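# Architecture and fold: a report
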Amino acid sequence: MENKREVWVDWLRVVACFLVLVVHSTEPFYLGGDGSQVLTAADAWWVAFFDTLARACVPLFVIASSYLLFPLKYSAGEFVRRRAGRILVPFVIWTCVYALVWGEPVQNFKDLLLNFNYSAGHLWFVYMLIGLYIIMPMLSPWAEKVSRRELGVYLGLCFLTTFIPFIREACIGDGATVIYGAGGLPMQAPFPLWGEASWNGYGTFYYVSGFIGYLLLGLYLRRFVGELDWKRTLAVSIPCLLAGFAICFFGFHGRVMASSGGVFPYNAGLEVAVGWETPLFNDTVGVALMSVACVLLLRKANSDGGFFRKVVLPVSKASYGMYLCHMLVLAAFSGLFRGALGTGADGCLGVMTTPVEIVLTAVCSYVCVAVACVLVQRIPRLGKWVIG
């Protein structure tokens, strides 16, 4: 017998997918020039606002997957077969599309042997998701038996690791050495903590850090958190949301202002933008708090009327395909609106130019991609392979 549909998860997917587009609509306003570029002080504020507002998007997807799939309801082999058809085939198709459309195709296909196409940077998400799917079968026997107290301890450890990026930053200081990883991507040289060294990257908290925390959070919600009334929901979610937003917003904005000295336009290398984004990393405390708040609030979305059946449910089912292909459409809309409305101080709407462009790009891209993916998904046989 088919399990009862979790309506709130469909609402969550629809919201999370839109938030992804908001993040990517914001990026052109601080990534540009030599890598980092902010044109005005107003742009610095708007970028921090919208980027912070939407940064819970990826954790929300992971929590939803965990809530629905973990622990496994069938054998590991069956799980792999089901997930491969749903995840890998559309991913391969769209990876090839980006390799052909953006950059130099021959080199792109060579690079795909080792990693995703950096021109389509959002595809990193699929590699991370596959990694979680690999360990789910191993953890499932434990997840079926774990007590609330025991799971709470592990969640607490995961939460402690969300402070590690800030501890590293404090230890490194302003004179941080910048190293370059695969493909020339810049990153701050990590300061070794708790067992880490130049010959060992697997410190004490390595195995309870990153997205594993969101995997456990989805499990905790499903097993141990029942239906909460609005009073209890708001009592937890509002403080988490405000605290998380403050950490991310002021952390990002403060770093931009410190780098620029308040003088705009400001241009620097890509490594500077990497430093700005530290408070917005998915495994940091601010994003974690906002993710908890968003999940608790979205669990109250239980409307399954006509709008849900005709709009929300189809978009939810197509959300994975929307994630994969949206950058092709979003890049076009972003260029269109920036060309029509201008940028920075020269924008035709003054300080409101940037927020209007971000919102228009996100909304128009979302609507177009949603309609296209829902229609393609309905094509017999072909639809599920292209959209998932």
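The structure we're discussing is the one just above.
What counts, and where the lines are drawn
Residues numbered from 1 in each chain as written. Predicted model: local features only at pLDDT ≥ 70, side-chain atom pairs only at ≥ 80, totals over all residues. Heavy atoms only, no water. Helix = DSSP H or I, 4+ residues; strand = E, 2+ residues; numbered from the N terminus. Rg over C-alpha atoms; globule rule 2.2 N^0.38 Å. Buried < 20%, exposed > 50% of the residue type's maximum accessible area, 1.4 Å probe, protein only. Contact = heavy atoms within 4.5 Å. Areas by Shrake-Rupley, 256 points an atom, 1.4 Å probe, with all protein chains shown as cover. Lys, Arg positive; Asp, Glu negative; His and termini not counted. Charge placed at Lys NZ, Arg CZ, Asp CG, Glu CD. Salt bridge = Lys/Arg side-chain N within 4 Å of Asp/Glu carboxyl O. Patch = residues over 30% accessible without salt bridge, like charges linked within 9 Å, V, L, I, M, F, W, Y side chains within 5 Å. Arc of directions from axis to C-beta. Core = buried A, V, L, I, M, F, W, Y, C linked by side-chain atoms within 4.5 Å. Phe/Tyr/Trp six-rings, centres within 6.5 Å; stacked < 30°, edge-to-face > 60°. Polar contact = N/O pair within 3.5 Å; in protein donor to acceptor, adjacent residues only side chain to side chain. Axes fitted to C-alpha atoms, helices over the stretch in contact; angles between N-to-C directions. Parallel < 35°, antiparallel > 145°, perpendicular 65-115°, else oblique. Left-handed = near helix turned anticlockwise from the far one by under 90°. Nonpolar A, V, L, I, M, F, W, Y, C, P; charged D, E, K, R; others polar. Expected span 1.5 Å × (residues − 1).

For the rest of this paragraph, the subject is the overall build of the chain. Within the chain, the secondary structure is distributed over 16 helices and four strands. Here the C-alpha radius of gyration of the chain, 21 Å, is about what a compact globule of 388 residues would show, namely 21 Å. Expressed as lengths along the three principal axes of its C-alpha atoms, the size of the chain is roughly 60 × 50 × 50 Å. Burial status across the chain gives 48% buried among its 388 residues. Taking the contacts inside the chain whose residues are at least 6 apart along the sequence as the reference set, 80% of them involve residues at least 24 apart. About 18500 Å² of surface is accessible on the chain, with carbon and sulfur atoms providing 66% of the total. Across the chain, 28 positive and 23 negative side-chain charges occur, with their mean positions spaced 15 Å apart.

It is worth spelling out the pattern of salt bridges at this point. As enumerated under the stated definition, the model contains nine salt bridges in all. When the shortest N-O distance is used, the salt bridge between Arg-55 and Asp-51 registers 3.1 Å. The pair Arg-55 / Asp-51 is uniform in exposure class, with both members buried. Between Lys-300 and Glu-227 there is a salt bridge; the shortest N-O distance is 3.4 Å. Of the two residues, Lys-300 is situated in the loop between helix 12 (285-298) and helix 13 (306-317) and Glu-227 in the loop between helix 9 (212-224) and helix 10 (230-260); the sequence distance between them amounts to 73 residues. The class for Lys-300 is buried, based on a relative accessible area of 15%.

The next point concerns a nonpolar patch on the surface. A grouping of Val-359, Val-363, Val-367, Val-371 and Leu-375 is seen on the molecular surface, where their side chains present a nonpolar patch of about 390 Å² in accessible area. Here Leu-375 is to be found in helix 15 (residues 353-377).

Of all the residues in helix 8 (residues 164-172), the buried ones are Ile-164, Pro-165 and Arg-168. In a view along the axis of helix 8, the buried residues occupy a sector of 105°, so they form one face of it. Contacts from the buried residues of helix 8 go to helix 7 (148-161).

Among all residues except glycine, the phi angle is most often negative; among peptide bonds, the trans geometry is most common. Of note, the bond from Phe-70 into Pro-71 is cis; its omega dihedral lies within 30 degrees of zero at 0°. Residues Phe-264 and Pro-265 are joined by a peptide bond in cis, for which omega reads 0°. For Pro-265, the position within the fold is in the loop between helix 10 and strand 4 (266-269). For Trp-194, which is not glycine, the phi dihedral falls at a positive 50°.

Another aspect to go through is the nonpolar core. Nonpolar side chains tend to gather and get buried jointly when the protein is soluble and globular. Residues Leu-60, Phe-125, Leu-221, Phe-252, Trp-276 and Met-322 are the most contacted members of the largest nonpolar core, which totals 107 residues. No other element matches the 13 residues that helix 1 (residues 7-26) contributes to this core. In contact with Leu-60, other than residues within four places in its own chain, are Leu-12, Ala-16, Leu-19, Ser-291, Cys-294, Val-295 and Leu-298.

What follows covers the side chain of Asn-282. Here Asn-282 lies in the loop between helix 11 (270-276) and helix 12. According to the relative accessible area criterion, Asn-282 is buried, its value standing at 14%. Apart from residues lying up to four places away in sequence, Asn-282 is in contact with Arg-55, Val-58, Pro-59, Trp-124, Phe-211, Tyr-214 and Val-287.

Let us look at the packing of aromatic side chains. Considering all chains together, one arrives at 36 aromatic pairs under this definition. When the ring of Phe-91 is compared with that of Tyr-127, the centres are 5.4 Å apart and the planes differ by 90°; the resulting orientation is edge-to-face. Pair noted here: Phe-91 is in helix 4 (residues 76-101) and Tyr-127 is in helix 6 (residues 124-145), with a separation of 36 residues, a long-range link. Residue classification places Phe-91 among the buried positions, given a relative accessible area of 8%. For the ring pair Phe-245 and Phe-249, a centre distance of 5.8 Å and an interplane angle of 10° mean the geometry is stacked. Residue Phe-245 and its partner Phe-249 are both found in helix 10; the two are separated by four residues, about one turn of the helix. The exposure class of Phe-245 is partly exposed, given its relative accessible area of 22%.

Tracing the sequence through the fold places Gln-377 in helix 15. Classification of Gln-377 by relative accessible area gives partly exposed; the value is 21%. Between the C-alpha atoms of Gln-377 and Pro-314, which are 63 residues apart in sequence, the distance is 9.2 Å. Residues in contact with Gln-377, not counting those within four places in the same chain, are Pro-314, Lys-317, Ala-318, Gly-383, Lys-384, Ile-387 and Gly-388. Separated by 2.9 Å, the side chain of Gln-377 and the backbone oxygen of Lys-317 make a polar contact.

One can describe the packing of helix 7 onto helix 9 by two numbers: an axis separation of 10 Å at closest approach and a directional angle of 150°. With respect to their mutual orientation, helix 7 and helix 9 come out roughly antiparallel. Crossing of helix 7 against helix 9: the hand is left-handed. On the side of helix 7, the interface is formed by Arg-148, Leu-151, Gly-152, Tyr-154, Leu-155 and Cys-158, while helix 9 contributes Ile-212, Gly-213, Leu-216, Leu-217, Leu-219, Tyr-220 and Phe-224. A class-by-class count of the residues in the contact of helix 7 with helix 9 yields 10 nonpolar, two polar and one charged.

With 14 residues, helix 12 should reach 20 Å at 1.5 Å per residue; the first-to-last C-alpha distance of 20 Å fits that figure. Of all 14 residues in helix 12, 12 are buried; the element is thus mostly enclosed. For helix 12, the complete set of buried residues consists of Val-285, Gly-286, Val-287, Ala-288, Leu-289, Met-290, Ser-291, Ala-293, Cys-294, Val-295, Leu-296 and Leu-298.

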